[in-house]
Every structure is written in C-alpha cells, then in structure tokens.
Amino acid sequence: MFLRHTHYAILNEKASGQVLMEELDKVKEGIEQLKTQINRHNYRYYVLDNPEISDAEYDELMRELKQLEEQYPQLLTLDSPTQRVGAAPAAAFGVVEHTLPLLSLGNAFSRDDLLAWYTRTSRLLAGEKFSLTCEHKIDGLAVALTYINGQLTTGATRGDGFRGENITQNLRTIRSIPLSVAAEAPPHFEVRGEVFLPKAGFNKLNQERETEGLPLFANPRNAAAGSVRQLDPRITAKRQLDIYIYALGYAEGKTTPTSHWETMEYLKSLGFKINPNNRLVSDIDQVEEYYRTWTERRANLPYEADGIVAKVDSLTLQDKLGNVGHEPRWAIAYKFPATQGTTRLKEIRVSVGRTGTLNPYAVLEPVSVGGVTIKQAALHNEDDIRRKDIREGDWVYLQRAGEVIPEIIGPIVSRRTGQEKEFSLRDKLPKNDKGQPVCPECGAKVIKPEGEVMYYCSNAACPAQLQQNLEHFASRGAMDIRGIGESMSALLLEKGLVKNFADLYYLGKGDILKLDRMAEKSADNLLSAIGKSKKRPLARVIYALGIRHIGEQMAQLLADHFSSIDELMDATEEDLIGIPGIGYEIAESIIAFFRQEDNKRIILRLKDAGVVPKTEPAEPEELLLAGQEFVITGRLAAFSREEAEEKVKALGGTAKDNVTRNTNYLVVGTDPGGSKLTRAQALGTKQINEEEFLMLLGVTG
Ligand code: IVH
C-alpha cells in the first residue's frame, strides 16, 4: 500500500526535481523491503518447504516488485528475486549443472493478460499462423532427467535454473519414471517434467502425519517437494509421487520432432508419462475454452493444478521467439483463481445444527480468496480443532473449493505471538445457575453421547434446530420448495405459523399474506411450490426428514429397499442391518428417529396432507444411446447425415450441429470440418470414426 502511494505521489509531483529525488529514495526503500520480504518467503518455500503465506499472496508481492522495477529500471539490481528462478539448493545434495538452463514461466492472471501475451506473440511472428498446446500447470516441482545410452543417469531439481540438486536416488523411486528406455531413443538426452503428489497420496500423508503429531503440509506441492528432497530415498519411496513430462530439454545423436505436440507423442512412445489432458489447438479462443473447462473441472482432477500453460507448438517458432531473462516468450501460465489464502482467526463461535449438534465455526479477518470474500470457516468439532492445534488469534491457512463452506487447514505456527488462546467448547458455552454448559440458543442442557465427538442440545424443540430442520426439508436435494430458505424459515417459525415441516402443508393463503412484504402473487407462488413438493419420490422424502447420518445416497439406498415410509417405520434393526451398506450406527439412528412420538405425529400429518411418496418405478428399458449427444462432421459412407441423425434419435440419443461441453461423441467422417475437430480437441470430446459409430449403433458389418 505504501508503495502504491509513493508511486502516485511521484507522478503527481514530477514538476519538482528535489521532490523527485526524495520520492525516488522512498521507492528504493520500499523495493528493498519487498525484496527482503520475498527472499524470506522464498527461503521458507523453496528451502524449508514450509511457507507462511499463500501462493496468491506471494505472486502479488512479486507482481508489485516487478511492476516497480519496470517503472524504475534504474533501481533494478541483480540480486532481486525477480532475477532468478528459484532459491539456492540445500547443501546436503550434490550439485548438478544444467546443460541448458531450466526456464520459468510468465504468468497471466486475467483474460487481458492472456490476450496481451497472444497479441505480442503474433506480432513478433509477423502474422505467421501458429498452433498452440494447452496443458495443466501441475503444482509440483520441476525436474530434469538425463538418459545416457538408454539409462537414467541423473535426476535433478531446477534449483536456481542453472544448478540444481542431484536427487537421482529419490527420483528413481518414482515408478512412473522409466529407469531405462528403448534402444531407439537418442543416445544422450534430457527430459523435463513435474513431479507431484496426487491428492489421494497427499491426504493419506497428512493423515499419517496427524497421527504421528507432525506438522501438516499446507498443499500437495510442499508435500511433493518435501518428499523428493528427503535425504533418505526410502522415505521418498513411500510417498506415492508421480510425474508428467512436459518438455525435451535436448537430444543428441538422433533427429527429434519439430513441434512440441509431436515431441510429447514421441516421448510417450519412449515410455514417458505425458498428461492425457494436453490438447493441441489452433487459436486463442480455444485456449480460453480449455481454461474455462478446467477452471470448472479441476476439483475432480486427481492432482492439484494451479493454472494452464499455453505453448507455441512449433519448435522453430519457439526458437524464433526466444526468452526474456528466464521466461520464454513462447509460453505463458494462465493461473486459475486462487483457492487458498491465509488470514487471522479472530474468534471461534458455536452454532446449533439441524440435529442439535453444537458446531464450532471460525470468525475470520475478512480475506479475499480467488475473488470471494471469506469471513467464516467450518471447524467440524472440538477434537479436530485440538488435533490441528488451531487457536483463537492464530494466523491460519484457508482452503476454498467451489461452493462449499471454506475450511481451515491449519495454523501458521511461526506467526504466533503467544497471545493465542486454546479452544474449549465447554468454556465457550453459556452456563446455567449450577455452572453447567447450556445450548447458546435455547438454554437447554447440553449432552455428549458416549464415544461421539459432538456435543448436542438436548431440546428437540430448540428453535435453532427447528429452523435448520425446516430449511433442510425445503432444500434443493430434499423437497425442493422454492421460496423457503433461511429467512422464510425463520419468519414462519417466529410468527408461529409452523412448528415443524409438516405444518407447511397446512398453510393457507391468509396465513402467508400476514407475513411482511408478502404480496398476493408471492403467496400464490409459495403455495404452489409447497403443493408441487407433495409429489417428490420416496428417497427425497426420507432425506428431507433429516434423520441423523442419512444423506442423499443413504436415503436412496433405503428407498430402494422399502416401498413406503410406513415400511421403513416398521423395519427392525435386523431388517436394516441386513441391507448391504447399512451398519449399526445408521440402523440405530433410523430406529431412534421413528421411535419418537413427535416424529410419528409429524409423519402422520405429512401423509394426511397428501405426501405419500412411493419408490419411483424403474426406468423403462434403457435405450442404447439414451442421454448420449452426438455431432457428426464430414461424410459417412453408410448413410447420409440425416439418416445417421435419425438412427441416433431412434436409439434415444440426440444429434447436434455444434460441439459443446455436452457432446459425448464427435463422429468423424471423410473431409471433416476443421472447427468441429479443433473444438472437440480443446474440450477433450471423444472422437470416433465411422466404424466405431456403427458399432455404437449396434450395426456391425
Ligand atoms: S513448461 C519454459 N509445462 O511451472 C517452460 N511447466 O512456473 C517451463 N509446470 O518450472 C516449463 N506444469 O515446474 C511447463 N505443463 C507444464 C507445467 C510446468 C507445471 C511448472 C514447472 C515450471 C513452472 C514455471
């Protein structure tokens, strides 16, 4: 912030030379401060594998520094962190001099950045047409692998780009790295790639560390770096590391392909692991499409990716473009919006959940993560908070994934001041006159069932529980009643119009009109939404009841076994446990729910209102291509385009003119259209030829 101000002050006061000198001194001081800060974070990140700030915050610091150095080139010095790729290698490993330096990548943080890069590249290539490859930017660490006469001889980290650490012994433990390659490979070559720890391995590793009382890794990249830089390769070997190769450094003694895409195919043929999600595209729109697709889908990837990398495909053009410093002009990393951040945990509060659970949650110093401001985070339960050693007042790592409630990964112990307070749920709760902890919402006694980690409010009519019950009942996956969310539930309960969810079906228009801001039309809409919900299938109704431990899938399982609520109510523990997938805990929870008189009454009231769900009849015999979308390009030999489309439709599929994310197959005939092909490539749509198409139609020749 200070720097930005100084910077503007200079622009405003350029008139006076004296002022300019003084201000320049200030900028210099600011630059020095930034460098010290970045160097420290660099050291923590690259050498200790234990960062204090998130990548996004680090990127922001670097960006500020880069910007100032660009603005004031006279202040740029060689020791600036912008002038080197990584940090110095740790002393304990041998040093490897890289034959060719390992480059870094320039970053694009917005669409504008990406387009600016593309425009510049096109200009430098004087309008020459060029293809691009799109790849995931995997969050791991870069390594260079040298093969001589078919044998892996050296594996090294990037280090500072010129000299890295010799970690051959550790890399040899990674199963996806071939120890030897086929005889037709060049006699001397080097490949480069990203070593990473898949999410599953990362979670497992952190679980183990938790049981052993060791500090957790903040993300898979630190875990991968920490694993590869173990002095004892046996430890590395246990860590389930993996690699994707993304470049051929150099090759001697054999001609190799002249484009990046073909090089990858070539390396694949030599036995190297190449990311199957790589794509070859023909223009920048398709790069954007690739980015959009993976921004949405990346949560489902088995590894962590923090962006995409776009590369000019032709190696001749890559050479023509060259590098600026350590960054090639022919490639750019387009970063995904951040999902991790750090902030201060101000306080831990307790709320009452749907089933009466007392849930601790974190109140945070608001922080923006990937464009969303986060003020609160989930904290599961007291045991979990203790295990992770999260204290009030701590600086914490935060993780946001899609729409789910942000989570706290762990504390940044090195930022503690000694003022932090350990958490005790009991201490947080209000007390009755006997000094016993009570529910913060209704003042009823609090219980902690034997063997459970959660505390509960003992009052089934606790208003906080009722409201959440109502909200849950009306929610999307349950009865899906539009118009009944948080505020409407609270209002209905507050005005005494409903006492439980069954009462919803007995509301009259007059009742609803009594509520503030409810006009005739909205009242009608609400009533119609409630009316429609009477038709929901059994699985949804079971889920909507809010029985402890019964999520959507479990509800479906129950609906598959019982044909009505009555049957489920009559089920004995034995009946329930007889169903594969249902254990004692769930069976007991169901029995306990239906044993309660209140719940029996509510279900009776639901039935009287006409909520009599049944298991949905099984689908009529599935058509061969039901739900499958096809696009056809080019000519087919067996029939005309129209005939082909008719066949698809007759088998329950759909035929469209354009490839979209919903397309399941692109059928490629002779003389196919280029745009459909490239789009399918960008989206990763499956392409099939006529023969395969005929097989799908069940027409075998
Ligand atoms: S290309 C000049 N491709 O990102 C080419 N790098 O910030 C440099 N990375 O050091 C590398 N996935 O560790 C390339 N598909 C990919 C990548 C990738 C991850 C890493 C790599 C590199 C860093 C640059």
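These lines cover the structure that appears in this document, whether it is placed above or below. Given the structure is predicted, the values throughout are model-derived calculations rather than measurements. (Residues numbered from 1 in each chain as written. Predicted model: local features only at pLDDT ≥ 70, side-chain atom pairs only at ≥ 80, totals over all residues. Heavy atoms only, no water.)

### Some words on the environment of Val-191
So, point 1. Tracing the sequence through the fold places Val-191 in strand 7 (residues 188-196).
So, point 2. On a C-alpha basis, the gap between Val-191 and Arg-641 in space is 45 Å, while along the polypeptide they are 450 residues apart.
So, point 3. With residues near it in sequence (within four places) discarded, Val-191 still touches Val-143, Ala-144, Leu-145, Tyr-147, Ile-245, Ala-247, Leu-248, Gly-249, Leu-267 and Phe-272. (Helix = DSSP H or I, 4+ residues; strand = E, 2+ residues; numbered from the N terminus. Contact = heavy atoms within 4.5 Å.)

### Comments concerning the side chain of Ser-259
So, point 1. Positionally, Ser-259 belongs in the loop between strand 8 (242-252) and helix 9 (260-269).
So, point 2. Among the polar contacts listed, one links the side chain of Ser-259 to the backbone nitrogen of Glu-262, at a separation of 3.1 Å.
So, point 3. Those residues within four positions of Ser-259 in sequence are excluded, and the remaining contacts are Asp-313, Ser-314 and Leu-315. (Polar contact = N/O pair within 3.5 Å; in protein donor to acceptor, adjacent residues only side chain to side chain.)

### Looking at the packing of helix 14 (residues 463-474) against helix 15 (residues 486-494)
In a packed pair of helices, the relevant descriptors are the angle between the two axes and the axis-to-axis distance.
So, point 1. In the contact formed by helix 14 and helix 15, the axes pass within 9 Å of each other and the chain directions differ by 130°. When the axes of helix 14 and helix 15 are compared, the pair comes out oblique. Crossing handedness for the pair helix 14 and helix 15: right-handed. Where helix 14 abuts helix 15, its residues Pro-463, Leu-466, Gln-467, Leu-470 and Glu-471 lie against Glu-486, Ser-489, Ala-490 and Leu-493.
So, point 2. In terms of residue class, the contact of helix 14 with helix 15 is built from 5 nonpolar, 2 polar and 2 charged. (Axes fitted to C-alpha atoms, helices over the stretch in contact; angles between N-to-C directions. Parallel < 35°, antiparallel > 145°, perpendicular 65-115°, else oblique. Left-handed = near helix turned anticlockwise from the far one by under 90°. Nonpolar A, V, L, I, M, F, W, Y, C, P; charged D, E, K, R; others polar.)

### Structural notes on a negative patch on the surface
So, point 1. Taken together, the side chains of Glu-573, Glu-574, Asp-575, Glu-585 and Glu-588 define an acidic patch exposed on the protein surface.
So, point 2. Only helix 21 (573-577) and helix 22 (584-595) provide two or more residues apiece to the negative patch.
So, point 3. Judged by relative accessible area, Glu-573 falls into the partly exposed class, the value being 30%. (Patch = residues over 30% accessible without salt bridge, like charges linked within 9 Å, V, L, I, M, F, W, Y side chains within 5 Å. Areas by Shrake-Rupley, 256 points an atom, 1.4 Å probe, with all protein chains shown as cover. Salt bridge = Lys/Arg side-chain N within 4 Å of Asp/Glu carboxyl O. Lys, Arg positive; Asp, Glu negative; His and termini not counted. Charge placed at Lys NZ, Arg CZ, Asp CG, Glu CD. Buried < 20%, exposed > 50% of the residue type's maximum accessible area, 1.4 Å probe, protein only.)

### A closer look at the pairing of strand 13 (residues 331-335)
So, point 1. Along strand 13, 5 of the 5 residues are buried, which leaves the element largely enclosed by surrounding structure.
So, point 2. Residues Ala-331, Ala-333 and Lys-335 point to one face of strand 13 and Ile-332 and Tyr-334 to the other, with burial holding for every one of them.
So, point 3. For strand 2 (residues 107-108) and strand 13, the ladder comprises 2 bridges, and the chain directions are parallel. Looking at strand 13, one finds that Asn-107 is bridged to Ala-333.
So, point 4. Bridge count between strand 10 (residues 305-312) and strand 13: 5 bridges; the pairing is antiparallel. By the bridge assignment for strand 13, Ala-310 is matched with Ile-332. (Pairing = 2+ DSSP bridges.)

### Here's the deal with the site of the ligand
So, point 1. Residues in close proximity to the ligand total 15 residues, the closest being Glu-135, Ile-138, Arg-158, Glu-194 and Lys-311.
So, point 2. Between the ligand and Lys-137, the relevant distance is 3.4 Å, taken from an oxygen atom to a side-chain nitrogen or oxygen of the residue.
So, point 3. Across the complex, the protein chains shield 89% of the 520 Å² of accessible surface that the ligand would expose by itself.
So, point 4. Contributions of two or more residues to the shell around the ligand are made by strand 3 (132-138) and strand 10.
So, point 5. In terms of residue count, strand 3 provides more of the shell around the ligand than any other element does, 4 residues in total. (Near = heavy atom within 4 Å.)

### Some details on the packing of aromatic side chains
So, point 1. Under the defined criterion, the tally for this structure stands at 15 aromatic pairs.
So, point 2. Taking the centre distance of 5.2 Å and the plane angle of 85° together, the rings of Phe-593 and Phe-594 count as edge-to-face. Taken individually, Phe-593 and Phe-594 each receive the classification buried, so the pair is uniform in this respect.
So, point 3. When the ring centre of Tyr-455 is taken as reference, the NZ or CZ atom of Lys-448 above it lies at 5.6 Å.
So, point 4. Seen from the ring of Tyr-506, Arg-605 lies directly overhead, with NZ or CZ sitting 4.0 Å from the centre. (Phe/Tyr/Trp six-rings, centres within 6.5 Å; stacked < 30°, edge-to-face > 60°. Lys NZ or Arg CZ within 6 Å of the ring centre and 35° of its normal.)

### Things to note about the sheet that holds strand 24 (residues 686-689)
So, point 1. Here we have 4 strands laid out as an open sheet, ordered 22-21-23-24, and parallel in their pairing. The open sheet has two free edges, formed respectively by strand 22 (654-656) and strand 24, since each of these has just one partner strand. Strand after strand, the sheet turns through a mean of 30° between neighbouring axes, direction not considered.
So, point 2. Taken strand by strand, helix 24 (residues 641-650) contacts strand 21 (629-633) and strand 22, and its axis lies near 170° from that of strand 21.
So, point 3. Sheet strands touched by helix 25 (residues 674-683): strand 21, strand 23 (665-668) and strand 24. Its angle to strand 23, the strand with the most contacts, is close to 145°.

### Some thoughts on the nonpolar core
So, point 1. Counting residues in each nonpolar core, the largest one holds 53 residues, and the members touching the most others are Ile-481, Leu-504, Tyr-505 and Leu-576.
So, point 2. Where this core is concerned, the elements lending two or more residues are helix 14, helix 15, helix 17 (520-532), helix 18 (538-544), helix 19 (552-561), helix 20 (565-570), helix 22 and helix 23 (597-608).
So, point 3. Those residues in contact with Tyr-505 that sit more than four places away from it in its chain are Phe-473, Met-479, Ile-481, Ile-530, Ser-533, Lys-534, Leu-606, Ala-609 and Val-611.
So, point 4. In terms of nonpolar packing, the next biggest core, distinct from the first, is built from 32 residues, Leu-141, Tyr-147, Ile-167 and Ile-243 among them. (Core = buried A, V, L, I, M, F, W, Y, C linked by side-chain atoms within 4.5 Å.)

### Things to note about helix 10 (residues 284-297)
So, point 1. Taking 1.5 Å per residue as the helical rise, helix 10 with its 14 residues ought to reach 20 Å, and the 20 Å between its terminal C-alpha atoms agrees with that figure.
So, point 2. The set of residues buried in helix 10 consists of Ile-284, Gln-286, Val-287, Glu-288, Glu-289, Tyr-290, Tyr-291, Thr-293 and Trp-294.
So, point 3. Close packing links the buried residues of helix 10 with helix 4 (111-124), strand 3, strand 9 (279-281), strand 10, strand 13 and helix 25.
So, point 4. Of the residues flanking the start of helix 10, the one acting as N-cap is Asp-283, its side-chain oxygen 3.1 Å from the backbone nitrogen of Asp-285. (Expected span 1.5 Å × (residues − 1).)

### Some points on helix 25
So, point 1. Turning to helix 25, its buried residues are Lys-676, Thr-678, Ala-680, Ala-682 and Leu-683.
So, point 2. Where helix 25 is buried, its residues touch strand 9, helix 10, strand 21, helix 24, strand 23 and strand 24.
So, point 3. The first or second residue beyond helix 25 is Gly-684, which carries a positive phi of 75°.

### Re the packing of helix 4 against helix 10
So, point 1. Packing of helix 4 against helix 10 leaves a shortest axis separation of 11 Å and a crossing angle of 150°. Classified by the angle their axes make, helix 4 and helix 10 are roughly antiparallel. As helix 4 packs across helix 10, the resulting crossing turns out to be right-handed. Contacts between helix 4 and helix 10 involve Arg-111, Leu-114, Leu-115 and Tyr-118 from the first element and Ile-284, Val-287 and Glu-288 from the second.
So, point 2. Taken together, the residues that form the contact of helix 4 with helix 10 break down as 5 nonpolar, no polar and 2 charged.

Shape is all these values report; function is a separate question.
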